[in-house]
Amino acid sequence: MPPQKVPLPDAAWAALIVAAQRDRVYIEGNILKVLDPEDSPSYQGYLDAATAADRDKREKRLQVTKQVQEQNKELREAHRIIELKTEKAERALNEMREAKQETEAALAEAQKSREEAESARKEAESAWQDAKKDLDYMQKRTQFELMGRIVRVSLFVIVGVGSVTTSMYAMALFGPAINAEDVNLLANTWSNMFGILLTNSFSIIGTIMGVKYATEGRSEES
Amino acid sequence: MIPSILLVDDESLFHLVFEDACSLLDIALNLEAIDSANKAEDLFAKWSVDPDGRPECVFVDLNLIGSSFDGIELVRRINSLYGNGVVIGIISSSCDQLEIDKAKDVGAQFWIVKSDDIEPRLEAFRSKYDDYKARTAPFKVYA
């Protein structure tokens, strides 16, 4: 449907034509499509000139707008690519942060394990020291028991041999009549035996004391 | 010539392109351009009560950034909620067949592909406009 035409008074047409001739200024836009020049060739001439100027301007503007639109598309695409890259970089950064956190956690875990191992080592060392002390104590105790037993047995032997020899000598002296040579022999025997027993008993005691001191010196060194 | 056109497109530069192209091709006298589907729905809600100022033809962009629904949903709402009284179609740089089928299903009458050379497509559309208005023209993609 063609648009309804709008007539203008002659004075308005005249003013528009003067402005066009003097300043090359025309009305523009869709109003040109509805103005009615009626039958006036000058009004029609003005409308044609104004329409041509308007068309020229619009064509230029359309080309510029299209160029700007194209550039805008390129900019938006570039912006999108930058955003994608930024997003990728942020993702990589986050992954790095996570990896760093994981490494730190692993390091803390390792430190904790090291401390636990150190603590276990100290406990083991302490247990080893305790065991060593216990073993030392056991060894010393065994040694003392052995020494006590040796001393006891030696004393029994010394006292036993001494008592038997003394009894025999006493019987020879104060018992029923006995040959004087036998008494003399027994006296020598008793004397010799007693001397040997005393010597041996001191030798045993000396040996025991020596062993004891030697053992104590070695345990202090270790 | 189409008496009044409403363009719904979020790209304001395209408003200028469309306006100049329509003016150069003598397609429309009165062209209004808005950038949001929500604003368009509000306008149609108003026009369903008072049809004064209601456009005769509506061009809707497919993807309307900043709107709560897309162009196809706007076409559906205009057709189903506010009366099927306008010539309505999609104008988009996309030519995805799935979207085109969806638009057809909701009552779009045409699909114009946006490009640098949009004038010939608008001219072809204008030549069929009376058939669209009479609802006798089949759905067509101008690519």
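Residues numbered from 1 in each chain as written. Chains lettered and ligands numbered in written order. Predicted model: local features only at pLDDT ≥ 70, side-chain atom pairs only at ≥ 80, totals over all residues.

Colleague: Can you help me understand the overall build of chain B in this one?
Modeller: On a plain count of helices and strands, chain B comes out with six helices and six strands. For chain B, the succession of helices and strands along the chain, N to C, is β-α-β-α-β-α-β-α-β-α-α-β. When burial is assessed residue by residue, chain B has 40% of its 143 residues classed as buried. (Helix = DSSP H or I, 4+ residues; strand = E, 2+ residues; numbered from the N terminus. Buried ≥ 20, exposed ≤ 12 C-beta atoms within 10 Å, placed from the backbone.)

Colleague: Explanation requested: the overall build of chain A in the structure shown.
Modeller: Scanning chain A from N- to C-terminus turns up four helices and two strands. Helices and strands in chain A line up, N terminus first, as β-α-α-β-α-α. Looking at the 222 residues of chain A, the share that counts as buried comes to 5%.

Colleague: Any chance you could explain the sheet that holds strand E5 (residues 110-113) of chain B here in plain terms?
Modeller: Residues and elements named next belong to chain B. The sheet built from six strands is open, its strands ordered E2-E1-E3-E4-E5-E6 with parallel pairing. Because the sheet does not close on itself, it has two edges, and the strands there are strand E2 (28-34) and strand E6 (140-142). Taking the axes of each pair of neighbouring strands and ignoring which way they run, one obtains an average angle of 20° across the sheet. In the packing of helix H3 (residues 71-81) onto the sheet, contacts are made with strand E1 (2-8), strand E3 (57-60) and strand E4 (87-92), and the angle to E4 comes to roughly 175°. In this fold helix H5 (residues 119-127) packs onto E5 and E6, with an angle of close to 160° to the strand it touches most, E5. (Pairing = 2+ DSSP bridges. Axes fitted to C-alpha atoms, helices over the stretch in contact; angles between N-to-C directions. Contact = placed C-beta atoms within 7 Å.)

Colleague: It is not clear to me how unusual backbone geometry should be interpreted in this structure. Could you clarify?
Modeller: Phi is mostly negative for residues that are not glycine, and the peptide bonds are mostly trans. All names here are of chain B. Residue Asp26 is not a glycine yet carries a positive backbone phi of 55°. Phi at Arg135 is positive, roughly 60°, even though this residue is not glycine. Mapped onto the fold, Arg135 is located in the loop between helix H6 (129-133) and E6.

Colleague: What exactly am I supposed to notice about the pairing of E5 of chain B here?
Modeller: Successive residues of a regular strand alternate their side chains across the two faces of the sheet. All names here are of chain B. Bridging between E4 and E5 involves three bridges; their strand directions are parallel. Within the sheet, the bridge partner assigned to Ile90 lies in E5 and is Trp111. Pairing between E5 and E6: three bridges, direction parallel. Residue pairing in the sheet places Phe110 in a bridge with Lys140 of E6.

Colleague: What exactly am I supposed to notice about the interface of chain B and chain A here?
Modeller: Reports of interface size often rely on the accessible area that becomes lost once the parts have come together. Every contact between the two is made by 13 residues of chain B and, on the other side, 15 residues of chain A. A total of eight residues in the side of chain B that touches chain A trace back to one element, the largest contributor, which is helix H1 (residues 12-24) of chain B. Of the residues contributing to the side of chain B that touches chain A, the split by class is nine nonpolar, one polar and three charged. (Nonpolar A, V, L, I, M, F, W, Y, C, P; charged D, E, K, R; others polar.)

Colleague: I tried to follow the pairing of E4 of chain B on my own but got confused; where do I start?
Modeller: Residue and element names in this part refer to chain B. E4 sits mainly inside the fold: six of its six residues count as buried. Residues Val87, Gly89 and Ile91 line one face of E4 and the alternating positions Ile88, Ile90 and Ser92 line the opposite face, and both faces are buried. In the classification by handedness, the crossover that spans E4, the intervening helix H4 (residues 97-105) and the parallel E5 is right-handed. (Right-handed = clockwise from strand over helix to strand, strands pointing away.)

Colleague: I tried to follow the nonpolar core on my own but got confused; where do I start?
Modeller: Soluble globular proteins tend to bury their nonpolar side chains together. Counting residues in hydrophobic clusters, the biggest one holds 42 residues, and the most contacted among them are Ile5, Val8, Val58, Val60 and Val75 of chain B. The contact partners of Ile5 of chain B, leaving out residues within four places of it in the chain, are Cys22, Ala28, Leu31, Pro55, Cys57 and Phe59 of chain B. Counting five residues, the second-largest nonpolar core is a separate cluster that includes Tyr43, Tyr46, Leu47 and Ala50 of chain A. (Core = buried A, V, L, I, M, F, W, Y, C linked by C-beta atoms within 7 Å.)

Colleague: So what exactly am I meant to see when it comes to the confidence of the model for chain B here?
Modeller: For any part of a model where pLDDT is low, the fine detail of the predicted coordinates should not be relied upon. When pLDDT is averaged along chain B, the result is 91, and 99% of the positions lie at 70 or above. Scored by ipTM, the complex comes to 0.74, with pTM at 0.62. (pLDDT = per-residue confidence, 0-100.)

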